[in-house]
Amino acid sequence: MFARLATLVLLGCAAAAFTVVPAVAEASAGSPARVSPLPSSSYGVRSLCAAPGPGRARCMALALVAGDAQARAHRSPIGVTGAAALAPSAAPSPAAGDFGLRPRDLHSAYGLPKSAPEAQTIALVDAYNDPSAEEDLGHYSSEFGLPECTAADGCFSQLNQNGRSGEPPFPRTRAELEAALKGTGPKRTEAREAMGWSVEISLDIETAHAVCESCRIVLVEANNPEYANLEAAEESAARAGAGEISNSWGGPECVAVGDCIADSPAFDHPGVVVAAAAGDEGYLNWLEESVPFANYPATSPHVVAVGGTRLELGAKGEWAGESVWNDGGRGKSGRTDGSGATGGGCSAELEAQPWQRAVADWSEVGCGDRRAVADVAADADPYTGVAVYDTSPECETEYEALHTVHWCTIGGTSLATPLIAASFALAGGAGGVEYPSRTLYENAVKAPASLHDVTSGSNGECDLPFDTLTRAQGCTPAEDAAASCSSELICLAGSGYDGPTGLGTPDGIAAFLPAGTKALLAPSVSSAGASSVSSSSATLSASVDPNGSEVIGCTIEYGPGEAYSASAPCEPMPGSGTSAETVSAKVEGLSPGTEYGFRVRASNAGGRGEALGAPFTTPAAAPTIAGASASHVSQRDATLEARIDPNGAATSWEVLMDDPCAAPMECIRADVVVAGGTLAAGDASVAVRVDLAESAARLNIEPGTTYTFWVRAGNEAGPAETTPQTFTTLAEPGGPPSREPPASQEPGPVSSPQLPTTLSPQTPGQTPSGTPVQSVASLKQAKAPAVAHLASTTLRERAGGTVAVRVSCPGGERSCAGTLTLQTLGAPGGPAAGGAKASPLRLATVAFRVSGTHARTLTLRLSARARALLARARVLRARAIIEVRGASATQATVAIRAGG
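Residues numbered from 1 in each chain as written. Predicted model: local features only at pLDDT ≥ 70, side-chain atom pairs only at ≥ 80, totals over all residues. Heavy atoms only, no water.

Glancing now at the overall build of the protein chain. A tally of regular secondary structure across the protein chain gives 13 helices and 49 strands. Taking the contacts inside the protein chain whose residues are at least 6 apart along the sequence as the reference set, 72% of them involve residues at least 24 apart. About 35700 Å² of surface is accessible on the protein chain, with carbon and sulfur atoms providing 52% of the total. (Helix = DSSP H or I, 4+ residues; strand = E, 2+ residues; numbered from the N terminus. Contact = heavy atoms within 4.5 Å. Areas by Shrake-Rupley, 256 points an atom, 1.4 Å probe, with all protein chains shown as cover.)

See below:
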């Protein structure tokens, strides 16, 4: 692959015109297919619960619905950027991200540990009964490798609104639900409502278990979504010993000005974390087209009000950013459309707690002394929703023909609320704080980095249609806020506190730890360095001290300069100890002669630590030459091409041609330099192109003739040379037919004698070494002795004790095969003892096959004794014997020069 255009080099009139051009990027051979998330336009969204009537609440769960064939196939990850490196699954796979975020994505995005430091119980308050709740949770846990959580092991319990087990509300069984669905009237309506709440229940308990694997789960089910029943369930949840209570439901605080819900004592449980969803209908429920009020119980000053965001994940599943979730608009008919937006707003009657009014930007919020929603936020966009398993018909997903699975993708602030409740549980619960939302506000002052500050977006009203193709709002956040809240922070995200996302989203659990709790320390990362550095790989390592908290993520990021464009996981993953551990990663695919930077990052519940490694430079490698070919061949012209990668070092290169004489075995052959140049060390692989037209006369390019060419290159790390290639110029009309070309040979990099690392400027008629250039015409006049079958009688030892010899077939032969032997002219040590005749020493031998009119380079490896003789003599005269099958042997005297 070629990153830049190299400079055009001119060699004067003695050389053919050539250029260096960028090559086309190539996909690596054999790479597995990759899949990426489908665009939002492939999906739609529907609410699982209908708008609430007077005195009733609705669940805040939204289901993602497949909108095209690709989405219905469920073969692409939903909202999981990190899964783009996965191969497509044979069938829809929750573990591959085909149904939404997985437990590991939530932990990776928000830096959360998997277990609480001590026993914690999370209660999920919902309406109706889910007969398969425990079974569904077991299926979910099995799919993602989570610990079991069952009634038998004491981890899971299911209570009615009065706190009793074994006496569930409607529907008591699946059969009762199915019978009601087949009926008519109010019972059928109730059954359909119960199915929506069934998916809400699965979302709640599965999200809580995904985030806090060690937490006990208590499901408390109200008879129906009337506030009186839900509040009774709330009281039972507190009596059951829950340290955290999650409420993914609500409704407008008021039905009219002055006609508002009184704040119920059911949500006032000092020392218990009570979390409530802000809602899915935008600022003051503008998407609901009902009365303009925020949702209750989120407006209660005693709860932790939870808003929703659109979460962005990086390539490795890490947090890459968040914005206010708002997928709403208003169509041409004046009716609202879109997919939902996080709720929020100022309470109509309830006052804000002192710690909320103490935020630095409270005067810009716009609520005066009234309660502002929300306090904190988390992912709620259905497109980045979570995978949920539920056996109700509301969560049936069909793919292909006759295949149905009970996995679906669910979002909404119903997702964000149990996620926040479980985050408090991971931090040990309220920790003795009367109203735990206070902990968030105090930590935002002491440690602002303990939460991701969401600073973009608005949950305000948009009067333009929602774009169903791009699934984007037609308004800007500024336009939303200007139309809805006079651009105050209650509906517009900004630095610090704002209404849509509160203080921000989790970044570890430090923000959930009350004052006086032993501070959690981020991992300490040090001693980062590189070792075993080669031209294409290196081992990067560091020392990581978990500082007593489980390390939940550790990566080594690297790239040219400070790009850090690639990453690898630390091995081994540090645990939760209090001493430093060495982690490392072997990284491959590096570019030769390139300086790399890297950093090591590790995170735990206390935050993230990192250290920069000292930059390292990969050594240069010998150049690589590939793709040698001839094109645009005419009667007296051709374009010769090859790709050369300098591999990190200044590299000289040249294109050479052989004399196409009519009787090859009777010619002294010599390499004719056609063109050459130099590539800079920083060049990537580039294409060199030689046009022979300007040198046709000098080279005596003739019609109907076969020519041989090859490419050499060399740098400080070593040489390279392609195998010879041939091309045949076109015959003149009416002229003699072209000489039949020899059998083709595939190009490939091979060794060659060491070239100078730089090419001197050439003058007409000279090679880079300064010796006169022999034209093809002049070469035809040079005759060798009858026994000479070699292109040259001067040989040079190369690295590894080898020599290269170019040989040709006898004239008129289409091909020939035989052996080439090098031996001393006489016995190397003189006559043998006793007057016996000593034999010459065989230096090397090799078998060969050569096409007619073609000179082939043979590589012979000198024997150990031959190398010793050459080392002493520096120049060794020897006899080259060529034995061709079907012909007599020929000999020539050659001179072998020592290398170096």
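Per the stated rule, a full pass over the model turns up 9 disulfides. With its sulfur 1.9 Å from that of its partner, cysteine 485 forms a disulfide with cysteine 491. Across the disulfide from cysteine 485 to cysteine 491, rotation about the S-S bond amounts to roughly -75°, and the bridge is consequently left-handed. Given a relative accessible area of 0%, cysteine 491 falls into the buried group. (Disulfide = S-S within 2.5 Å. Buried < 20%, exposed > 50% of the residue type's maximum accessible area, 1.4 Å probe, protein only.)

Looking now at the pairing of strand S16 (residues 319-324). Where strand S15 (residues 304-313) and S16 come together, 5 bridges link them in antiparallel fashion. Looking at S16, one finds that leucine 313 is bridged to tryptophan 319. Two successive antiparallel strands, S15 and S16, enclose a turn made up of 5 residues, where glycine 317 displays a positive phi of approximately 85°. (Pairing = 2+ DSSP bridges.)

This brings us to the pairing of strand S18 (residues 336-351). Bridge count between strand S13 (residues 281-283) and S18: 2 bridges; the pairing is parallel. Residue tyrosine 283 lies in a different strand from S18, and its bridge partner there is glycine 344. Summarising the sheet, strand S17 (residues 326-330) and S18 pair through 5 bridges and their orientation is antiparallel. Counterpart to glycine 329 in the pairing with S18 is aspartate 337.

Where helix H5 (residues 185-211) contacts helix H8 (residues 413-426), the axes come no closer than 8 Å and their chain directions differ by 30°. By the angle class used here, H5 and H8 are roughly parallel. By crossing handedness, the relation of H5 to H8 is classed as right-handed. Where H5 approaches H8, its residues Glu200, Leu203, Asp204, Thr207, Ala208 and Val211 are matched on the opposing element by Ser414, Leu415, Pro418, Leu419, Ala422, Ser423 and Leu426. Here the residues of the contact of H5 with H8 sort into 8 nonpolar, 3 polar and 2 charged. (Axes fitted to C-alpha atoms, helices over the stretch in contact; angles between N-to-C directions. Parallel < 35°, antiparallel > 145°, perpendicular 65-115°, else oblique. Left-handed = near helix turned anticlockwise from the far one by under 90°. Nonpolar A, V, L, I, M, F, W, Y, C, P; charged D, E, K, R; others polar.)

Next up on the list: the packing of aromatic side chains. Applying the stated criterion across every chain, the model contains 17 aromatic pairs. An angle of 55° between the planes, with centres 5.9 Å apart, marks the rings of tyrosine 43 and tyrosine 383 as tilted. You can see tyrosine 43 sitting in strand S2 (residues 43-47) and its partner tyrosine 383 sitting in the loop between strand S20 (376-379) and strand S21 (386-389), a full 340 residues away along the chain. With respect to burial, tyrosine 43 and tyrosine 383 carry one shared label: buried. (Phe/Tyr/Trp six-rings, centres within 6.5 Å; stacked < 30°, edge-to-face > 60°.)

Take the side chain of threonine 309 next. Note on placement: threonine 309 falls in strand S15. For threonine 309, a relative accessible area of 0% gives the class buried. Side-chain polar atoms of threonine 309 contact the backbone nitrogen of aspartate 379, separated by 3.4 Å. Among all residues touching threonine 309, those that are not within four sequence positions of it are Tyr110, Glu322, Ser323, Trp325, Ala377, Ala378, Asp379, Ala380, Asp381, Val454, Thr501 and Thr505. (Polar contact = N/O pair within 3.5 Å; in protein donor to acceptor, adjacent residues only side chain to side chain.)

Attention now goes to the pattern of salt bridges. Between side chains of opposite charge, a pair can form as their charged atoms come close. In the structure shown here, the tally under the stated rule is 23 salt bridges. Between glutamate 288 and arginine 58 there is a salt bridge; the shortest N-O distance is 2.7 Å. Of this pair, glutamate 288 sits in the loop between S13 and strand S14 (295-296) while arginine 58 sits in strand S3 (residues 58-59); the two residues are 230 residues apart in sequence, bridging distant segments of the chain. The class for arginine 58 is buried, based on a relative accessible area of 9%. (Salt bridge = Lys/Arg side-chain N within 4 Å of Asp/Glu carboxyl O.)

Read from one edge of the open sheet, 3 strands run S27-S28-S31, paired in antiparallel fashion. The open sheet is flanked by strand S27 (524-531) and strand S31 (581-588), the only strands paired with a single partner. Pairwise comparison of adjacent strand axes, ignoring direction, gives a mean angle of 20° for this sheet. Taken together, the 8 bridges between strand S28 (residues 537-545) and S31 define a ladder with antiparallel strand orientation. Bridge pairing in S31 links valine 544 to glutamate 581.

Let's shift gears to helix H6 (residues 227-239). Here H6 is 13 residues long and its end C-alpha atoms lie 18 Å apart, about the 18 Å a rise of 1.5 Å per residue gives. Every buried residue belonging to H6 is among Tyr227, Asn229, Leu230, Glu231, Ala233, Glu234, Ser236 and Ala237, and all of these are buried. Where H6 is buried, its residues meet strand S5 (121-127), strand S7 (216-222), strand S8 (244-247), strand S9 (249-252), strand S12 (273-277) and S14. Once H6 finishes, glycine 241 follows within two positions and takes phi at roughly 90°, a positive value. (Expected span 1.5 Å × (residues − 1).)

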